[in-house]
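What follows is each chain in one-letter form.
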Amino acid sequence: MRAWCKDHPIQFMALYLVFYLIFFYLLEKSVVVPDLVLHCALDDMIPFCKYAIIPYYLWFAWIPCTLFYLLWFNDRREFWRLCLPLFAGMTLALLFCAIVPNGVDLRPGHIAGNDIFARLVRMLWKSDTSTNVFPSIHVFNSVTLALAYHRCARLRDRKWWWVKACADVLCVAIILSTLLLKQHSVIDAVGGIVLALVLDAIADSVVRRTSPDLAYRRRTVPLHY
C-alpha cells in the first residue's frame, strides 16, 4: 500500500478526498442537534462581515494549489511531508466530531442586502451547517499550509520572500474569515491552530527518523530575509 501511494500521489489525494467528503456528508446529515455548543465571550465581540466570504472560499483553491506545487516543482518528499499532518489532522477532526457532536449558534438571523457577498454567504450556510466545528478544519489546514511554505527548500532564497508573506497573509485572512462569518467560535480556531502545531512537530520527528538527509538539508540551507 505504501509503495502504491508513493507511485500514485494524485490517485492517493483523490481517494482521500472521496473519503473526506463522504465522512463529512454523513456527519452533516447525522448531527442535527449537537451535544456540545461552543461559545466564549470573544465570539460576542467579533462582528459579522459578509465580505469575509472571499478568503473563506479561497481556502478551497489554496489546498490543491499548494499540494500540486509541492508535487510537481519540489522534492516529492516535501509533498508527503505536507500530506502527513494535513490528512491526519483532517481525519482526527472528523473523528472527534463523530465522537463528540459539536456546533455553534453564532449566525445572525438575517443577512442584509442581495449583493454577491450576501448571496455567497447564504449559499455557504445552506450547504454547511453550524455543526462539526471543533477543531476548525479551515484554520487547521491554513496553518499547516503556511508552515509548508516556510519549510519549502525551493522558497528559501530571498527572492521568494513575497510567496511566504502572501501565504501568511492568506492564512490569517482565512482564520479571521471563519470568525467574521460566524462559522466558528474562537475556541474552534484555537483548537485548529494547536492541532496544526502539534501534528507539524510530530511530522518533523518522523522526517528526522525516515529522511535524515532531507531534515539536515533544511537546517543547513541559509535563510535570507
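The numbers attached to residues start from 1 for each chain and follow its sequence in the written order. Given that the model is predicted, a residue must reach a pLDDT of at least 70 before its local features are reported, and side-chain atom pairs must reach 80 or more before they are shown or counted; all residues, however, enter totals for whole chains, interfaces and linings. For side-chain calculations, the full set of non-hydrogen atoms in the structure is used, while hydrogens and water are omitted.

Caption draft 1: Broad picture of the overall build of the chain. Helix numbers and strand numbers start at the N terminus; a helix is a DSSP run of H or I with at least 4 residues, a strand a run of E with at least 2. When helices and strands are tallied, the chain shows ten helices and two strands. Each helix (α) and strand (β) of the chain, taken in turn from the N terminus, gives the series α-α-β-α-α-α-β-α-α-α-α-α. Note on method: radius of gyration uses C-alpha positions; expected globular size equals 2.2 Å times residues raised to 0.38. The globule rule puts the C-alpha radius of gyration for 225 residues at 17 Å, and the 18 Å found for the chain is close to it. Only protein chains enter the accessibility calculation, which uses a 1.4 Å probe; a residue whose area is less than 20% of its type maximum is buried, one above 50% is exposed, and one in between is partly exposed. Within the chain, the proportion of its 225 residues that are buried is 45%.

Caption draft 2: Region of interest: the state of the cysteines. By disulfide we mean two sulfur atoms from cysteines, separated by a distance within 2.5 Å. This structure, assessed with the given rule, holds zero disulfides. Residue C97 stays outside any disulfide, its sulfur separated by 17 Å from that of C40, the closest cysteine. Cysteine C171 is unpaired, with the sulfur of C166 as its nearest cysteine sulfur at 13 Å.

Caption draft 3: Layout of the packing of helix 2 (residues 9-30) against helix 4 (residues 53-73). Lines are fitted to the C-alpha atoms to define the axes, a helix being fitted only along its stretch in contact, and any angle between axes, read from their N-to-C directions, falls within 0 to 180 degrees. Orientation of helix 2 relative to helix 4, taken along the N-to-C sense of each, is 165 degrees, at an axis distance of 11 Å. The pairing of helix 2 with helix 4 is recorded here as roughly antiparallel in orientation. Note on packing geometry: the crossing formed by helix 2 with helix 4 is right-handed. Residues P9, I10 and M13 of helix 2 form the contact with helix 4, whose participating residues are L67, F68, L71 and W72. Among the residues forming the contact of helix 2 with helix 4, the class breakdown is seven nonpolar, no polar and no charged. We call two directions roughly parallel when the angle between them is under 35 degrees, roughly antiparallel when it is over 145, roughly perpendicular when it lies between 65 and 115, and oblique otherwise. Crossing handedness: left-handed means the near helix sits turned counterclockwise from the far one by under a right angle, and right-handed means the same turn made clockwise. By the convention used here, residues are in contact when the closest approach between their heavy atoms is within 4.5 Å. Residue polarity is assigned by list, with Asp, Glu, Lys and Arg as charged and Ala, Val, Leu, Ile, Met, Phe, Trp, Tyr, Cys and Pro as nonpolar; anything else, Gly included, falls into the polar class.

Caption draft 4: Expanded view of the packing of aromatic side chains. For Phe, Tyr and Trp, where Trp contributes only its six-membered ring, two rings pair if their centres lie within 6.5 Å, and the inter-plane angle classes them as stacked under 30 degrees, edge-to-face over 60, or tilted in between. One pass over the full model with this rule turns up 17 aromatic pairs. Ring plane angle 70 degrees and centroid distance 4.9 Å describe the contact between Y51 and F117, whose orientation is recorded as edge-to-face. Of this pair, Y51 sits in the loop between helix 3 (41-45) and helix 4 while F117 is found in helix 6 (residues 116-127), placing the two residues 66 residues apart along the sequence. By relative accessible area, Y51 is classed as partly exposed at 47%. Using a relative accessible area of 23% as the deciding quantity, one classes F117 as partly exposed. When the centroid spacing of 4.8 Å and the interplanar angle of 35 degrees are considered together, the rings of F68 and W72 count as tilted. One end of the pair is F68 and the other is W72, both in helix 4 and four residues apart, which spans about a single turn. Exposure remark for F68: the relative accessible area of 27% places this residue in the partly exposed category.

Caption draft 5: Up close: the nonpolar core. In terms of nonpolar packing, the biggest core is built from 44 residues, with W62, L67, L86, F87 and M90 touching the most fellow members. Per element, the largest residue contribution to this core is nine residues, and it comes from helix 5 (residues 76-99). Once residues within four sequence positions are removed from consideration, W62 is found in contact with S142, L145, A146, Y149, A167, L170, C171 and I174. Among buried residues, the Ala, Val, Leu, Ile, Met, Phe, Trp, Tyr and Cys ones that are joined through side-chain atoms within 4.5 Å form a nonpolar core. One finds I111, V121, W125 and L181 within the second-largest nonpolar core, a separate group that totals nine residues.

Caption draft 6: View of the side chain of N102. Mapped onto the elements of the fold, N102 is located in strand 2 (residues 102-103). At a separation of 2.8 Å, a polar atom in the side chain of N102 contacts the main-chain carbonyl oxygen of V100. The contact partners of N102, leaving out residues within four places of it in the chain, are P34, L36, L38, F96, C97, S130, T131, N132, V133 and F134. Polar contact is defined as a pair of N or O atoms within 3.5 Å, subject to the rule that within protein one atom must be able to donate a hydrogen and the other to accept it, and that residues adjacent in sequence are counted only when both atoms are side-chain atoms.

Caption draft 7: View of the packing of helix 7 (residues 137-151) against helix 8 (residues 161-180). One way to put it is that helix 7 packs onto helix 8 with a least axis distance of 9 Å and a crossing angle of 170 degrees. In terms of orientation, helix 7 lies roughly antiparallel with respect to helix 8. Here H138, V139, S142, V143, A146, Y149 and H150 of helix 7 come into contact with helix 8, specifically with V163, K164, A167, D168, C171, I174, I175 and T178. Among the residues making up the contact of helix 7 with helix 8, the classes are represented as nine nonpolar, four polar and two charged.

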